[in-house]
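Results of the structural survey
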Protein chains: 4
Amino acid sequence: MRLTSDARGVFPIAPTPFRDDGSIDLESVDRLADFYVGCGATGVTVLGQLGEAPKLEHAEGVEVAVRTIRRAPSLPVVVGVSAPGFAAMRALTREVMDRGAAGVMIAPPNTLRTDDQVVGYYRQAVEAIGADVPFVIQDYPLTFSVQMAPAVIRRIVSENASCAMLKHEDWPGLEKISALRAWERDGSMRHIPILCGNNALFLDFEMERGADGANTGYCFPDMLVDVVRLSAQGKRDEAHDLFDAHLPLIRYEQQPGPGLAVRKYVMMKRGIIAHETLRKPGAQLTPAARAEVDYLLSRLARKDARAKVK
Amino acid sequence: MRLTSDARGVFPIAPTPFRDDGSIDLESVDRLADFYVGCGATGVTVLGQLGEAPKLEHAEGVEVAVRTIRRAPSLPVVVGVSAPGFAAMRALTREVMDRGAAGVMIAPPNTLRTDDQVVGYYRQAVEAIGADVPFVIQDYPLTFSVQMAPAVIRRIVSENASCAMLKHEDWPGLEKISALRAWERDGSMRHIPILCGNNALFLDFEMERGADGANTGYCFPDMLVDVVRLSAQGKRDEAHDLFDAHLPLIRYEQQPGPGLAVRKYVMMKRGIIAHETLRKPGAQLTPAARAEVDYLLSRLARKDARAKVK
Amino acid sequence: MRLTSDARGVFPIAPTPFRDDGSIDLESVDRLADFYVGCGATGVTVLGQLGEAPKLEHAEGVEVAVRTIRRAPSLPVVVGVSAPGFAAMRALTREVMDRGAAGVMIAPPNTLRTDDQVVGYYRQAVEAIGADVPFVIQDYPLTFSVQMAPAVIRRIVSENASCAMLKHEDWPGLEKISALRAWERDGSMRHIPILCGNNALFLDFEMERGADGANTGYCFPDMLVDVVRLSAQGKRDEAHDLFDAHLPLIRYEQQPGPGLAVRKYVMMKRGIIAHETLRKPGAQLTPAARAEVDYLLSRLARKDARAKVK
Amino acid sequence: MRLTSDARGVFPIAPTPFRDDGSIDLESVDRLADFYVGCGATGVTVLGQLGEAPKLEHAEGVEVAVRTIRRAPSLPVVVGVSAPGFAAMRALTREVMDRGAAGVMIAPPNTLRTDDQVVGYYRQAVEAIGADVPFVIQDYPLTFSVQMAPAVIRRIVSENASCAMLKHEDWPGLEKISALRAWERDGSMRHIPILCGNNALFLDFEMERGADGANTGYCFPDMLVDVVRLSAQGKRDEAHDLFDAHLPLIRYEQQPGPGLAVRKYVMMKRGIIAHETLRKPGAQLTPAARAEVDYLLSRLARKDARAKVK
């Protein structure tokens with residue numbers, strides 16, 4: 001199954017579950033995949049930045065990807081392959097595509113500055129991985145320090161037929177979605193699915209601006225599915241009501257550093273993964289932070305029963 | 001009135017109001033000051049980053065500061081004096097301190113990297129402005145790219161008796177507050193007021209970690225006053241209920257770039273300033289963004305009557 | 001006298017001379033101006049980054065500029081007006097243009113990333129200072145972190161008729177000169193003088209690539225004049241011989257931080273300015289560094305008599 | 001053979017030689033190793049930034065390292081293992097140490113800012129690779145944007161007994177060497193070899209400040225050996241004479257981007273490697289640049305016979 005420009009809905013960014021000793025918890029990989037399928041996700045992305053990809057050895061990364069592909073044959077699985085060099089990017093891409101991945105996700109290295117450098121980078125990446133491999137642009141300036149103007153994204157999309165999706169997490173980013181969609185409407189840019197990241201902090205309005213869904217790791221992917229559906233159905237108030245109930249926790253989880261620990265802690269409490277362990281080096285939740293998350297969950301539980309965890 | 005280490009409560013960051021032709025709207029400066037006094041602010045900061053200070057000529061900046069000082073004699077007025085060189089910083093400091101300012105706020109230039117560079121910078125700044133002028137550290141890595149470890153803040157506080165406040169807007173920043181407060185408790189650091197910025201995005205928990213209040217420009221400073229009060233009174237749930245009602249708008253206004261336009265638009269609708277004008281160069285709200293803010297206000301109005309604007 | 005697109009030769013970046021107490025040494029300002037005229041400079045730039053402009057109060061900056069304009073009426077004087085906001089930029093520009101400056105130099109703020117942001121910034125700057133004021137683009141990525149592709153420079157030049165010069169100090173930068181010159185030859189870009197900075201570290205080859213001269217502060221501006229002349233006359237080996245003799249010192253002076261102290265120390269030893277004082281905050285030469293510069297001068301003196309200083 | 005604190009002399013940074021089709025040229029790897037041994041190098045570093053390490057697949061990197069270790073059994077071989085995550089760093093370290101490497105070189109990721117972050121990073125790296133593996137600190141702010149104050153280096157050295165060398169390429173960096181050596185003399189820091197990088201741009205004075213040698217890739221490593229020897233023998237003028245003859249080319253080769261192409265081009269002309277090929281993505285020399293290098297070589301040949309190449 002290859003990623004196509006029909007993609008939409010929710011592609012959760014899967015965390016990589018570890019056991020307490022730091023080894024990969026493959027049972028939890030399976031459970032995660034089952035959960036995503038069960039809650040209505042339309043795809044899944046593994047080995048992203050918040051999948052702790054840089055902490056995995058090559059073989060481990062492949063194992064996580066393959067295990068997910070096998071466990072969720074109904075879902076297209078996108079694999080993060082960002083790397084400091086094209087050799088490693090190509091090697092990982094080939095390996096996972098051969099094993100059934102739907103496509104790969106590529107973030108720009110943080111040394112790029114000018115428009116031409118960014119466009120050139122994606123051209124070279126496509127040359128390295130092969131023009132037949134669907135790829136996702138990750139546009140995440142907050143972490144990668146690379147800013148892509150809408151016109152740069154259009155150039156990448158136009159130059160590379162294999163560009164299959166935009167993981168949109170610019171901030172602020174609402175006008176960018178509007179700009180890209182206006183170009184699509186006036187025929188100056190082909191359609192490309194826009195799925196939003198940034199822990200869904202603006203998903204409510206991003207959907208209304210023309211996004212096709214979410215591509216992020218928030219600990220309630222089932223809520224993301226509901227918000228995307230409600231928004232697509234035009235049930236604006238319901239979508240915002242549900243979204244707003246989660247916003248205090250979304251915001252808390254979106255913090256760089258401790259955010260991933262929050263995510264794993266909640267997913268563990270929800271029974272989706274067995275352990276909250278992060279591989280080193282990784283932030284650990286302090287008791288104070290843990291208590292804050294518990295408090296947020298207890299408040300959320302009044303509005304969304306899914307938050308009722310022990 | 002000089003800023004002292006007893007400061008607490010809410011010091012709004014005042015926007016600088018302009019008329020449609022870009023000139024300073026002094027009537028609105030007055031109205032703002034009156035509003036702050038009326039809603040229970042305990043101080044006010046002018047000429048901050050979001051006060052469009054870099055767009056003002058020197059004389060204009062002084063005029064805004066002096067007008068505020070005269071109009072709100074009961075409030076300590078802190079003046080942002082960050083500048084690319086110490087000569088300009090000293091000139092502005094002297095001028096406003098002579099006219100009754102309570103202190104100044106200084107952000108580190110984004111070229112600083114090592115701990116010693118940051119500490120050295122504040123030492124030189126104090127030498128430039130005079131050791132008798134109370135100053136506020138602005139710790140805002142997201143905008144200034146300068147990271148100050150808690151130990152660096154402690155060094156600045158210890159070295160400079162005139163350090164009178166921390167404007168805390170690190171992100172993530174909750175553990176930093178806890179670290180500084182732990183040092184205060186164990187006697188290894190003197191007390192310094194911590195007032196929080198970042199458009200109050202974490203004010204709910206920052207108060208619980210030991211912050212003394214807010215020092216930010218959110219368009220409902222009266223709500224900030226209430227949250228700070230409720231939190232200080234230990235009314236945790238009430239504080240969070242009020243805060244959560246505002247969070248969708250807080251988040252929207254916190255966007256760099258359009259955020260300030262959102263703030264002025266809402267304050268204009270609330271009748272606090274006469275025009276929403278930003279000086280060039282400044283982001284303008286698109287019709288789509290304006291409609292989104294209106295929608296957020298209409299939703300907020302159900303929970304907080306202050307949001308009922310025409 | 002207005003800066004025109006005929007500019008060529010050497011526009012030294014003038015240091016700002018201070019007395020030992022930190023006050024401006026106006027006699028040395030005069031002496032510097034006389035020296036530049038005497039050695040064949042074709043213009044001069046004051047209040048640049050290495051003119052310690054950020055350390056001057058507004059009135060001081062104006063005084064230095066005006067003094068230079070009066071003392072060297074035969075030279076076009078360019079004034080650095082880079083500022084964090086357009087209001088201050090406009091104020092300084094108007095003041096110095098009214099007093100006879102030939103044009104202004106503008107560096108981009110280090111927050112700019114995309115091509116459109118850079119082009120937009122210069123558009124706004126021109127709007128602020130007036131379209132009748134000739135301006136110089138300062139392209140100095142090493143210090144300002146802003147990268148301008150050749151096509152971006154062409155856009156700025158095309159959009160703004162008042163763009164009168166490029167201070168080229170990209171690194172590496174030789175191919176950029178070749179690219180701009182190729183566009184000039186094929187008619188896709190109007191002529192613009194390219195004068196090179198970066199302490200002249202590549203001036204030998206920059207001239208051969210099509211540069212029109214130097215715009216930098218190396219402590220032997222008279223050598224720069226000779227190299228530019230020899231190169232223009234096609235005396236390649238002589239140009240390189242002279243250049244290479246100075247290269248060990250050029251390299252030493254090009255160090256960020258201590259470099260300006262080296263420059264002032266040598267200019268004081270040469271009798272061009274009276275004191276080597278930098279305003280605070282500024283690097284001071286250690287005894288070891290001072291001895292190294294003395295050694296470099298003694299070695300240079302064997303090849304260039306101008307380096308014979310006591 | 002393990003790297004010890006007795007290291008000194010010249011550890012060239014070896015380029016990775018490729019054939020025209022981009023495959024690794026193992027014969028040239030051998031020839032390089034022979035050349036280093038023959039010219040008096042005392043060690044060699046492979047898989048550095050300019051060894052195009054990020055462009056190699058894992059197995060290729062190991063192959064280059066092992067081939068060099070086998071071919072030059074008399075030289076300690078240091079292997080660059082910098083990686084975005086500790087898992088990859090550990091995997092490569094174990095593999096090469098098992099095959100006879102003398103130690104590894106680690107550069108800090110460019111996200112680090114505060115002193116504690118830098119020190120903490122090296123602590124975690126040592127935990128990952130094992131406290132028995134000698135490691136080299138690469139201090140290269142120009143490329144990695146991480147600034148290490150001398151006190152930070154001292155902390156790393158003190159905390160980690162396995163820290164065996166400093167690859168010094170801060171810029172400016174002379175005072176840093178003096179500071180570290182002063183601490184060594186007063187007993188507040190143990191001895192650590194300091195070998196200098198930055199294409200040797202300041203090697204002349206770095207040796208005089210107390211450096212132990214060079215650890216860089218300049219295309220005439222034999223010249224580096226001579227300068228280090230002359231300097232160690234106190235033949236100051238001879239050392240500078242030789243150094244200055246090479247400085248025009250050193251400077252030219254030190255350009256980021258095209259610099260590595262210059263290096264390989266000259267080493268090919270010298271017969272040390274068979275091809276000048278860089279793996280993609282890599283700068284190619286333009287005809288103009290090639291002619292400039294030829295000219296620099298022809299000028300150098302008058303003073304150093306080694307530069308006489310066809």
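Residues numbered from 1 in each chain as written. Chains lettered and ligands numbered in written order. Predicted model: local features only at pLDDT ≥ 70, side-chain atom pairs only at ≥ 80, totals over all residues. Heavy atoms only, no water.

1. Description of the sheet that holds strand 6 (residues 163–168) of chain D
All names here are of chain D.
- Taken together, eight strands build an open sheet; the order of strands is 1-8-7-6-5-4-3-2 and the sheet is parallel. Looking at the sheet topology across the chains shown, the edges are occupied by strand 1 (9–10) and strand 2 (44–46).
- Pairing between strand 2 and strand 3 (residues 77–80): three bridges, direction parallel. Following the sheet pairing, Val44 is matched in strand 3 by Val77. (Pairing = 2+ DSSP bridges. Helix = DSSP H or I, 4+ residues; strand = E, 2+ residues; numbered from the N terminus.)

2. Details of the packing of helix 6 (residues 150–159) of chain A against helix 7 (residues 174–185) of chain A
All names here are of chain A.
- Orientation of helix 6 relative to helix 7, taken along the N-to-C sense of each, is 45 degrees, at an axis distance of 10 Å. As the angle between them shows, helix 6 and helix 7 are arranged oblique. At the point where helix 6 passes helix 7, the crossing takes the right-handed sense. From helix 6, Pro150, Ala151, Ile153 and Arg154 reach across to helix 7, where they touch Lys176, Ala179, Leu180 and Trp183.
- Here the contact of helix 6 with helix 7 is composed, by residue class, of six nonpolar, no polar and two charged. (Axes fitted to C-alpha atoms, helices over the stretch in contact; angles between N-to-C directions. Parallel < 35°, antiparallel > 145°, perpendicular 65-115°, else oblique. Left-handed = near helix turned anticlockwise from the far one by under 90°. Contact = heavy atoms within 4.5 Å. Nonpolar A, V, L, I, M, F, W, Y, C, P; charged D, E, K, R; others polar.)

3. Quick notes on the interface of chain C and chain D
- With 33 residues of chain C in contact, the opposing surface of chain D contributes 33 residues.
- In total, about 3100 Å² of surface goes out of reach between chain C and chain D, with carbon and sulfur atoms giving 60% of it.
- Taken together, the connections running from chain C to chain D amount to eight salt bridges.
- Measuring nitrogen to oxygen at the nearest pair gives 2.7 Å for the salt bridge that ties D:Glu292 to C:Arg209.
- The interface formed by chain C and chain D contains 15 residue pairs in polar contact (both at pLDDT 80 or more).
- Where the side of chain C that touches chain D is concerned, the elements lending two or more residues are helix 7 (174–185), helix 8 (203–209), helix 10 (236–253) and helix 12 (287–301) of chain C.
- At 10 residues, the largest contribution of residues to the side of chain C that touches chain D is made by helix 10 of chain C.
- Each residue belonging to the side of chain C that touches chain D can be placed in one class, and the counts come to 17 nonpolar, five polar and 11 charged. (Buried area = accessible area lost by both parts, 1.4 Å probe. Salt bridge = Lys/Arg side-chain N within 4 Å of Asp/Glu carboxyl O. Polar contact = N/O pair within 3.5 Å; in protein donor to acceptor, adjacent residues only side chain to side chain.)

4. Considering a positive patch on the surface
- Together, A:Arg302, A:Lys303, B:Arg302 and B:Lys303 make up a positively charged patch on the protein surface.
- Owing to a relative accessible area of 56%, A:Arg302 belongs among the exposed residues under this scheme. (Patch = residues over 30% accessible without salt bridge, like charges linked within 9 Å, V, L, I, M, F, W, Y side chains within 5 Å. Areas by Shrake-Rupley, 256 points an atom, 1.4 Å probe, with all protein chains shown as cover. Lys, Arg positive; Asp, Glu negative; His and termini not counted. Charge placed at Lys NZ, Arg CZ, Asp CG, Glu CD. Buried < 20%, exposed > 50% of the residue type's maximum accessible area, 1.4 Å probe, protein only.)

5. A word on the relation of the copies chain B and chain A
- Note on the copies: chain B fits chain A at an RMSD of 0.0 Å, the axial shift is 0.0 Å, and the rotation between them is 180 degrees. As the rotation angle and translation indicate, the two copies are arranged about a two-fold axis. Taking C-alpha positions as the reference, the residue of chain B nearest the rotation axis is B:Leu247, at 3.7 Å.
- Of the residues that chain B buries at the interface, 100% are likewise interface residues in chain A, meaning the two copies contact each other through the same surface. (Least-squares fit on C-alpha atoms with pLDDT ≥ 70 in both.)

6. Digging into the sheet that holds strand 1 (residues 9–10) of chain C
All names here are of chain C.
- Here eight strands make up an open sheet; going across it, the order is 1-8-7-6-5-4-3-2 and the pairing parallel. Each edge of the open sheet carries a strand with a single partner, namely strand 1 and strand 2 (44–46).
- One ladder, built from three bridges, connects strand 4 (residues 103–106) with strand 5 (residues 135–139); its direction is parallel. Within strand 5, the position partnered with Met105 by the bridge is Val136.

7. Here we look at the relation of the copies chain C and chain D
- The operation relating chain C to chain D is a screw motion whose rotation component is 180 degrees, with 0.0 Å of axial translation and a residual RMSD of 0.0 Å.
- A share of 100% of interface residues in chain C that are also interface residues in chain D marks the association as one of identical surfaces.

8. A short note on the packing of helix 3 (residues 86–98) of chain D against helix 4 (residues 115–129) of chain D
All names here are of chain D.
- Across the interface, helix 3 lies against helix 4 with an axial gap of 9 Å and an inter-helix angle of 50 degrees. Comparing the axis directions of helix 3 and helix 4 gives the class oblique. With respect to the hand of their crossing, helix 3 and helix 4 are arranged in right-handed fashion. Counting all contacts with helix 3, which are made through Phe86, Met89, Arg90, Thr93 and Arg94, the residues of helix 4 involved are Tyr121, Gln124, Ala125, Ala128 and Ile129.
- In terms of residue class, the contact of helix 3 with helix 4 is built from six nonpolar, two polar and two charged.

9. Let's talk about the confidence of the model for chain A
- Across chain A, the average pLDDT comes to 96, with 100% of residues at or above 70.
- Model confidence for the complex is summarised by a pTM of 0.96, with the ipTM given as 0.97. (pLDDT = per-residue confidence, 0-100.)

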